[in-house]
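As a plain string of letters, each chain reads:
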Amino acid sequence: MSTFLGMPSLPVYGTGNLHASESFPKAAHRELGNAQLRVNLGHATHTIRDKRIQVISELPDWEHLRDTGSAIKEAVMARLPELLEQFEENFTSRGGVIHWARDAGEANAIVAGLIRETGETEVVKIKSMATQEIGLNEYLEGQGISAFETDLAELIVQLDHDKPSHILVPAIHKNRTEIRDIFLREMPSVDPKLTDDPAVLAAAARAHLRRKFLTARVAVSGANFALADSGTLAVVESEGNGRMCLTLPETLITVMGVEKLLPTWQDLEVFMQLLPPSSTGERMNPYTSLWTGVTEGDGPQTVHLVLLDNGRSAALADEMGRSALHCIRCSACMNVCPVYERTGGHAYGSTYPGPIGAILSPLMTGIQAEENNSLPYASSLCGACYDACPVKINIPDILVHLRSLDVDSKRGKKKIPTQMDAGMKAASWALSSGKRLGLLEKGLPLGRLATGPAKKITKLPGIAAGWTQSRDIPAPPPQSFRTWWAKEHRRPKIDAAPAPSPEKEDQR
Amino acid sequence: MSAREEILGRIRAALKDNPEAPQIPRGYRKSSGLDEEALIELLVDRLIDYKAQVCVVEAAQVSARIAELLASAHSYVVPTGLDGGWLAKLDDVRGAGRGRFDSDSAPLTVAELDGIDAVVTGSAVAVAVTGTIILDGSPNQGRRAISLVPDHHICVVKATDIVGILPEALRRIDGTRPLTMISGPSATSDIELERVEGVHGPRRLDVIIAR
Ligand code: SF4
């Protein structure tokens, strides 16, 4: 596409907390050293897996719901401009105000401006991936505005000056004792005899936030769904902190990605059956709130919505990858992922960890973005995420697609052949002829000499070093399979040794 | 160019391959086919599972049950549109006693609500399979704040308002009203993904199912 005046060249990638600060293998290597993290994660993800399977087994039409959900989202992407306009019209006609934000910086500035207009310097917040993605809290802090996270897990992370590691349970990497210690350290008026019983910890959070809820005049939220045919927004939650933020303040500012739309009210019945079982493994989450613009006498009387692009249009432009935008942020894919279970969410760098993050982050930032280009490799392609995904996003296929984009983008850049090129060339020479391979394999026993008494290779040279970074290679066998086969299946009177080849180059 | 124009332009450009919106298959269940008795039984089971308290009474017994549940409350609030009969056994609701009315014309402040122990509301519809009660802000339920701030919520569900699954419920609801779907008392799964009841919303939920 040609670039003309005033029109940026497409696609335009996202900014904010979508980029890792280091590559996945490096970060994962460090996180794997944290044994406590692995124990916490293993416990939590297995608890939720079992609950999810149990609840889903009660739904005879689960696969139908998934098919419907997947088709609805595909239709939303195909009709996105039209649905956005329809939503805008309905939301606005019911008293809401819409703002559009091209990227993280613009969204942050809009929210800060809206808060400043109210004259407030404190806001209460409902957990929201979109505001995490744009780094809203840090930005507001720089503007002299304090944003108080009110979701228990977000509160834990905020008090500990840590980063979220899971999209549903941001403090999943902490166990109850660690959480108790954070509360003791960071909550000024907490009972010093606080125990690590989860019910006691929840009560401490209630006491800590109660006054904030009752006095806050401005709240900031995300949204799980937006219905185009009515202009309705929905927040799905558990604790009641969402209800507090959506009901008591005078001003409500919601930040939402443009892809969150559903066409009609009827579609909500599908997604509200898909989301709770997939995310917390419950038949239904304790609280869901829906609001349509402003309702006189009930709830905030000033209602804003910031519609965020920030790389979503770039993801949409990738025909193969666009279905990553179907994601309803349930977190089922990370709960079943063998890689996530071991590395935890921090290793992915971006706000979006786990299998969905491994495709969404590079799609939103561009695969050329340094550090995010290792994310598509953070998978064994086992397919557990695809099976778990309530909207059937084919994550493994998109991972492979992004790997190929990554290879292509690197090929474009480099000039001199690398070790990998040389290796591939050699492999292609050897593997394209059975005779060459047979000949090479005869050298295998020689490799044993390099392994020492432990009969293990612990360090390979060059690019092959990556392979031995976290694993040993057993010594090569004393004979190749071909040699063994030939010996075992020697036909009488026929020499099993490779016959002389007519190909000249094979004869030495 | 405005951000709106630019974002819509980017999205249109991203869709230059003109993807077709697929037909939406809707093979999922539209109703549970359960009768009233089965619905009541299932709803009771689910609510108990969520650690709500629940009882099933004849319509005429609702007021007695409410009076019983409020016996130890120092104060309570009700929306003005609540069925007067439900308050029959509470003598003091209109006086300066324990009971307060909340209405659009005379709303209580948040601080006042914070000082009130309990709230009694009706409900719009309940979903048996998921144990979900939906409030839609009708006069017998009031505005959202009154069923949120007091720590004890007593909610009356009429047996005829119970349906089996969510699609049946949403068909009965106007989506543009301020809606709250409630499935048990406030809870969190944020500590080691184990559910604990009682965070910011009402920690005690009493459901009275009225035949
Ligand atoms: S990709 Fe699917 S499974 Fe993963 S968070 Fe999104 S919707 Fe859930």
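Residues numbered from 1 in each chain as written. Chains lettered and ligands numbered in written order. Predicted model: local features only at pLDDT ≥ 70, side-chain atom pairs only at ≥ 80, totals over all residues. Heavy atoms only, no water.

1. Quick look at the overall build of chain B
A tally of helices and strands in chain B yields five helices and 12 strands. Projected onto its principal axes, the C-alpha coordinates of chain B cover approximately 70 × 45 × 40 Å. Of all 211 residues assigned to chain B, the portion counted as buried reaches 59%. At a minimum sequence separation of 6, the contacts of chain B that also span at least 24 residues come to 71%. Per element, the accessible surface of chain B, about 8,200 Å² overall, is 48% carbon and sulfur. Looking at chain B, you have 24 positive and 30 negative side-chain charges, and the mean spots of the two groups are 4 Å apart. (Helix = DSSP H or I, 4+ residues; strand = E, 2+ residues; numbered from the N terminus. Buried < 20%, exposed > 50% of the residue type's maximum accessible area, 1.4 Å probe, protein only. Contact = heavy atoms within 4.5 Å. Areas by Shrake-Rupley, 256 points an atom, 1.4 Å probe, with all protein chains shown as cover. Lys, Arg positive; Asp, Glu negative; His and termini not counted. Charge placed at Lys NZ, Arg CZ, Asp CG, Glu CD.)

2. Overview of the domain arrangement of chain A
Domain parsing of chain A yields domain 1 (24-315) and domain 2 (421-488). Distance from the C-alpha centre of domain 1 of chain A to the C-alpha centre of domain 2 of chain A: 52 Å. (Domains from an automatic or database assignment.)

3. Examining the packing of aromatic side chains
Counting across every chain of the model gives seven aromatic pairs over all chains. Ring geometry for A:Phe225 versus A:Phe271: centroids 5.8 Å apart, planes at 55°, classification tilted. A residue pair is termed long-range when its members are at least 10 positions apart, and A:Phe225 in strand 5 (residues 225-227) and A:Phe271 in helix 12 (residues 265-279) qualify at 46 residues. Each of the two residues, A:Phe225 as well as A:Phe271, counts as buried. Each residue in the set A:Phe24, A:Tyr340 and A:Tyr348 is aromatic and connected to the rest through ring pairs, giving one cluster. The ring of B:Tyr28 has B:Lys30 lying over it, and the distance from NZ or CZ to the ring centre is 4.4 Å. (Phe/Tyr/Trp six-rings, centres within 6.5 Å; stacked < 30°, edge-to-face > 60°. Lys NZ or Arg CZ within 6 Å of the ring centre and 35° of its normal.)

4. Overview of the sheet that holds strand 4 (residues 218-221) of chain A
Residues and elements named next belong to chain A. Taken in spatial order, the six strands of this open sheet run 1-10-7-4-2-3, and their pairing is parallel. Whereas interior strands pair on both sides, the edge strands pair on one side only; in this sheet they are strand 1 (96-101) and strand 3 (146-149). Strand after strand, the sheet turns through a mean of 25° between neighbouring axes, direction not considered. As paired elements, strand 2 (residues 122-125) and strand 4 share two bridges and run parallel to each other. Paired with Val 124 across the two strands is Ala 219, which belongs to strand 4. Against the sheet, helix 5 (residues 104-118) engages strand 1, strand 2, strand 4, strand 7 (251-257) and strand 10 (302-308), with an angle of about 145° to strand 1. (Pairing = 2+ DSSP bridges. Axes fitted to C-alpha atoms, helices over the stretch in contact; angles between N-to-C directions.)

5. With respect to the nonpolar core
Counting residues in hydrophobic clusters, the biggest one holds 146 residues, and the most contacted among them are A:Phe183, A:Phe225 and A:Ile359. It is helix 12 of chain A that provides the largest number of residues to this core, a total of seven residues. Leave out the neighbours within four places in its chain, and A:Phe183 touches A:Leu152, A:Ile156, A:Leu159, A:Val190, A:Leu194, A:Leu201, A:Ala204 and A:Ala205. Counting residues in hydrophobic clusters, the runner-up holds 22 residues, among them A:Tyr287, B:Ile40, B:Cys155 and B:Leu205. (Core = buried A, V, L, I, M, F, W, Y, C linked by side-chain atoms within 4.5 Å.)

6. Remarks on the interface of chain B and chain A
On the chain A side, the residues contacting the 74 residues of chain B number 99 residues. Buried area between chain B and chain A, both sides added, is near 7,800 Å², and the carbon and sulfur share of it is 60%. Summed over the three residues of chain B that lose the most area to chain A, namely B:Arg10, B:Leu193 and B:His200, the buried surface amounts to 11% of that side. At the surface where chain B touches chain A, the tally comes to 14 salt bridges. The salt bridge involving B:Arg46 is made with A:Glu58; its shortest N-O contact spans 3.9 Å. Where chain B touches chain A, the interface holds 38 residue pairs in polar contact (both at pLDDT 80 or more). A per-element tally of the side of chain B that touches chain A places helix 1 (residues 3-14) of chain B first, with 10 residues. Here four bridges tie strand 9 (residues 287-292) of chain A to strand 9 (residues 179-182) of chain B, and the two strands are oriented antiparallel to one another. Opposite A:Thr288, over in strand 9 of chain B, you have B:Met181 as the bridge partner. (Buried area = accessible area lost by both parts, 1.4 Å probe. Salt bridge = Lys/Arg side-chain N within 4 Å of Asp/Glu carboxyl O. Polar contact = N/O pair within 3.5 Å; in protein donor to acceptor, adjacent residues only side chain to side chain.)

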